[in-house]
Amino acid sequence: MSARIAPSVLSADLGRLGEQLAQAIDGGAEWIHVDVMDGHFVPNLSFGTPLIRALRRLTGHPLDVHLMVERPENYIAEYADAGANLFTFHPEATVHVQRHLAAVRERGMRAGLALNPGTPLSLIEEVMPDLDLVLVMSVNPGYGGQSYLPAATDKIRRLRALLDRHGSRATLEVDGGITPATIAEAWGAGADTFVAGTSVFGTADPAAAVRELVRRCAMRV
């Protein structure tokens, strides 16, 4: 299995979104990552359903939506209708986490939980059967272009062991500071999917950037 790259449109040039998206996909990007921020749960504002609909018209690739918002359950139906394929939220942002994971699946999306750097793995253990994806934040969320936090590597390693112990087939995704210099470390710790923003869309050649990220993981095998 090769590394799955999910370029984050947070770092894309929205005036050239279709062009840059096509380049990233040409390079082998398998998912498209969309960060949704409400200015409350994290100190920034970003995209909503209009962008999801626009992306759905541009590509048939899975849209991997990460909601950094309070009460994410209020948006499940809206994002499903807009064309999202994966719906990931933070357990601290709501109550009744299991109920909301089930609701995500009922709307035909894959359900995920995101773990901030200070969020313990124990928060997901009781809902392991309901998870299709676990997202490890290797930066504090809210802004693109941050540096990978070294402590994330051990967390990825412990999460991989936890998923394996439970027999879970959930995707282990990492987001934050993923570059050619950091991706192999996270891959070696057990991650399989990588969100990359600046290191893909901040380059002159997004296709080559995606291929280089995959190559760095292959070198680690």
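Presented here is an overview of the structure given in this document. Because the structure is a prediction, the values reported are computed rather than measured.

What follows deals with the pattern of salt bridges. Within this structure, the stated rule accounts for 11 salt bridges. Close ionic contact of Arg 4 with Glu 30 constitutes a salt bridge, the shortest N to O distance being 3.7 Å. Within this pair, whereas Arg 4 is found in strand β1 (residues 4–7), its partner Glu 30 is found in the loop between α1 (17–26) and β2 (32–37), the two being separated by 26 residues in sequence. On the basis of relative accessibility, which here comes to 34%, the residue Glu 30 falls in the partly exposed class.

One open sheet accounts for eight strands, arranged β1-β8-β7-β6-β5-β4-β3-β2; its pairing is parallel. Edge strands, defined here as strands with exactly one partner in the open sheet, are β1 and β2. Neighbouring strand axes in the sheet, compared pairwise and without regard to direction, differ in orientation by 25° on average. As judged from the five bridges shared by strand β6 (residues 133–137) and strand β7 (residues 171–175), these two strands associate in the parallel manner. Following the sheet pairing, Val 134 is matched in β7 by Leu 172. Each of β4 (86–89) and β5 (110–115) touches helix α4 (residues 97–106); the most contacted strand, β5, lies at about 140° to it.

Turning next to α1. Those residues of α1 lying buried are Leu 17, Gln 20, Leu 21 and Ala 24. One side of α1 carries all its buried residues, which in axial view fall inside an arc of 100°. Elements in contact with the buried residues of α1: β1, β2, α2 (49–58), α8 (198–201) and α9 (206–220). Where α1 ends, the next residue or the one after it, Gly 28, has phi of about 115°, a positive value.

About the cut-offs
- Once a new chain begins, its residue numbering starts again from 1 and follows that chain's sequence as written.
- Restriction of local features to residues with pLDDT of at least 70 applies here, the model being predicted, together with a cutoff of 80 or more for giving and counting side-chain atom pairs; totals for whole chains, interfaces and linings are based on all residues.
- With hydrogens and water excluded, all non-hydrogen atoms of the structure serve as input to the side-chain values.
- Each salt bridge in this description consists of a side-chain nitrogen of Lys or Arg and a carboxyl oxygen of Asp or Glu lying within 4 Å of one another.
- Secondary structure elements are defined from DSSP: runs of H or I of at least 4 residues count as helices, runs of E of at least 2 residues count as strands, and each element is numbered from the N terminus.
- Each residue gets one of three labels from its accessible area relative to the maximum for its type: buried under 20%, exposed over 50%, partly exposed in between, using a 1.4 Å probe on protein chains only.
- At least two bridges found by DSSP between two strands are what make those strands a pair.
- Only C-alpha atoms enter the line fits that serve as axes; for helices the fit covers just the stretch in contact. Angles between N-to-C directions range over 0 to 180 degrees.
- The contact criterion used throughout is that any non-hydrogen atoms of two residues lie within 4.5 Å.
- This arc is taken over the directions from the axis of the helix to the C-beta atoms.

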